[in-house]
Amino acid sequence: MANKAVHLPVVHGLGQTLRKDNWWAGPFVTFLVLASFVVYATFRAFEGRLYMSGPYLSPLASPYFETASLGIPFVTPAILILPFPGLFRFTCYYYRKAYYRSFAMTPPACAVGGRSPGNYNGERKLLLFQNLHRFALYFALLFLVFLWHDFYKSLWFDGHFGMGLGSLIIGLNCTCLSLYTFSCHSFRHLVGGVIDSYSETPFGALRHKMWSRVSQLNVNHMAFAWTSLIVVAMTDLYIRMVASGAVTDMRLF
Ligand code: FES
């Protein structure tokens, strides 16, 4: 028996849909959180101070470069380094989906009318810069080394080993950023995506094991993306408050 063609109603116009659920909640929350982070990070980048306190260094200014002696207006330690993690986040496969929906609304959600329907061109022309993600990954991996070194340094108070609340927060931040970076789609490709046959490749068994682990992490990449973003901001805020004297760091031992 021939299959009968089913014609679904077509929706046109921004926000038009046949969906009955709260489809707008996801893009709306995404917009709020991403916009808040961008505003906060921009403020901190131009503020140009309160990046460190005792053995603590803010992740927004790590690795730290002294810029005061340069005498160039608006160049701060944070402005020097933020383009690298910024590019990594901006070109992230997950964040692309998030801001294409919540900021560009092309479309804002599945089965919901978007801006300029019918004009979808894919990631071409100017959007080709998204291909920089794999290169941004190499910098992100390098930055992890600096950040874990910052955690190590946060455990030393005037030459004595110890731990403060700030050390714990910095350690949490390193963990979240590591999970985000190692669950990256480009990292998954790097460790195992270019291989036709693991059994015929040098270190094939090891690479297959790594690829399997990264694949497990990759399933939760979206969760790591959000958690790490929020924890980075919280870590910087905590160090800023300690540096400004608004709060006193709690020494655990
Ligand atoms: S895909 Fe998200 S960090 Fe690479």
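The rules behind these values
Residues numbered from 1 in each chain as written. Predicted model: local features only at pLDDT ≥ 70, side-chain atom pairs only at ≥ 80, totals over all residues. Helix = DSSP H or I, 4+ residues; strand = E, 2+ residues; numbered from the N terminus. Buried ≥ 20, exposed ≤ 12 C-beta atoms within 10 Å, placed from the backbone. Contact = placed C-beta atoms within 7 Å. Arc of directions from axis to C-beta. Axes fitted to C-alpha atoms, helices over the stretch in contact; angles between N-to-C directions. Parallel < 35°, antiparallel > 145°, perpendicular 65-115°, else oblique. Left-handed = near helix turned anticlockwise from the far one by under 90°. Nonpolar A, V, L, I, M, F, W, Y, C, P; charged D, E, K, R; others polar.

Student: I would appreciate a short explanation of the overall build of the protein in the present structure.
Tutor: The secondary structure content of the protein amounts to nine helices and four strands. For the protein, the sequential pattern of α-helices and β-strands runs α-β-β-α-α-α-α-β-β-α-α-α-α. Structurally, the protein occupies a C-alpha span of about 80 × 50 × 35 Å along its principal axes. The buried share of the protein, reckoned over its 253 residues, is 25%. Restricting to contacts in the protein with at least 6 residues of sequence separation, those with at least 24 account for 70%.

Student: Sorry if this is basic, but what is going on with the environment of Ala104 here?
Tutor: Within the secondary structure, Ala104 is located in helix 4 (residues 93–104). Taking the C-alpha atoms as reference points, Ala104 and Arg115, eleven residues apart in sequence, are found 7.8 Å from one another.

Student: I tried to follow helix 3 (residues 83–90) on my own but got confused; where do I start?
Tutor: Note: α-helices contain 3.6 residues per turn, so residues at a spacing of three or four share the same orientation. Those residues of helix 3 that sit buried are Pro85, Phe88 and Arg89. One side of helix 3 holds all its buried residues, which, seen down the axis, span an arc of 95°. Turning to helix 3, the residues buried within the fold contact helix 4 and helix 5 (133–153).

Student: Got a minute to help me understand the environment of Ala109 in this structure?
Tutor: With respect to the helices and strands, the residue Ala109 is situated in the loop between helix 4 and helix 5. Classification of Ala109 as partly exposed rests on a count of 19 C-beta atoms within 10 Å. C-alpha of Ala109 to C-alpha of Leu128: the two residues are 19 residues apart in sequence and 23 Å apart in space. What Ala109 contacts, discounting residues up to four positions off in sequence, is Trp23, Gly26, Pro27 and Arg101.

Student: Is there a simple way to think about unusual backbone geometry in this case?
Tutor: Phi is mostly negative for residues that are not glycine, and the peptide bonds are mostly trans. Cis peptide bonds are those with omega within 30 degrees of zero, and the linkage from Ser62 to Pro63 qualifies with 0°. The omega angle of the peptide bond from Thr106 to Pro107 is -5°, so this bond is cis rather than trans. With respect to the helices and strands, the residue Pro107 is situated in the loop between helix 4 and helix 5. Positive phi values are uncommon outside glycine, yet Phe74 reaches one of about 70°. Inspection of the secondary structure assignment puts Phe74 in the loop between strand 2 (56–57) and helix 2 (77–81). Using a count of 9 C-beta atoms within 10 Å as the deciding quantity, one classes Phe74 as exposed.

Student: When you look at the packing of helix 7 (residues 185–193) against helix 8 (residues 204–218) in this model, what are you seeing that I'm missing?
Tutor: Helices that pack against each other are described as a pair by the angle of their axes relative to one another and the distance between those axes. Helix 8 packs onto helix 7 with a crossing angle of 165° between their chain directions and a minimal axis gap of 8 Å. Classified by the angle their axes make, helix 7 and helix 8 are roughly antiparallel. Crossing handedness for the pair helix 7 and helix 8: left-handed. Contact residues: helix 7 offers His185, Phe187, Arg188, Val191 and Gly192, while helix 8 offers Arg207, His208, Met210, Trp211, Val214, Ser215 and Asn218. Residue composition of the contact of helix 7 with helix 8, by class: five nonpolar, five polar and two charged.

Student: In this structure, what is going on with the packing of helix 3 against helix 5? I would like to understand it.
Tutor: Two elements in contact, helix 3 and helix 5, have axes separated by 9 Å at closest approach and are oriented at 125°. Between helix 3 and helix 5, the angle falls in the class oblique. Between helix 3 and helix 5 lies a crossing whose hand is left-handed. Facing helix 3, whose interface residues are Phe84, Pro85, Leu87 and Phe88, helix 5 presents Ala136, Leu137, Phe139, Ala140 and Phe143.

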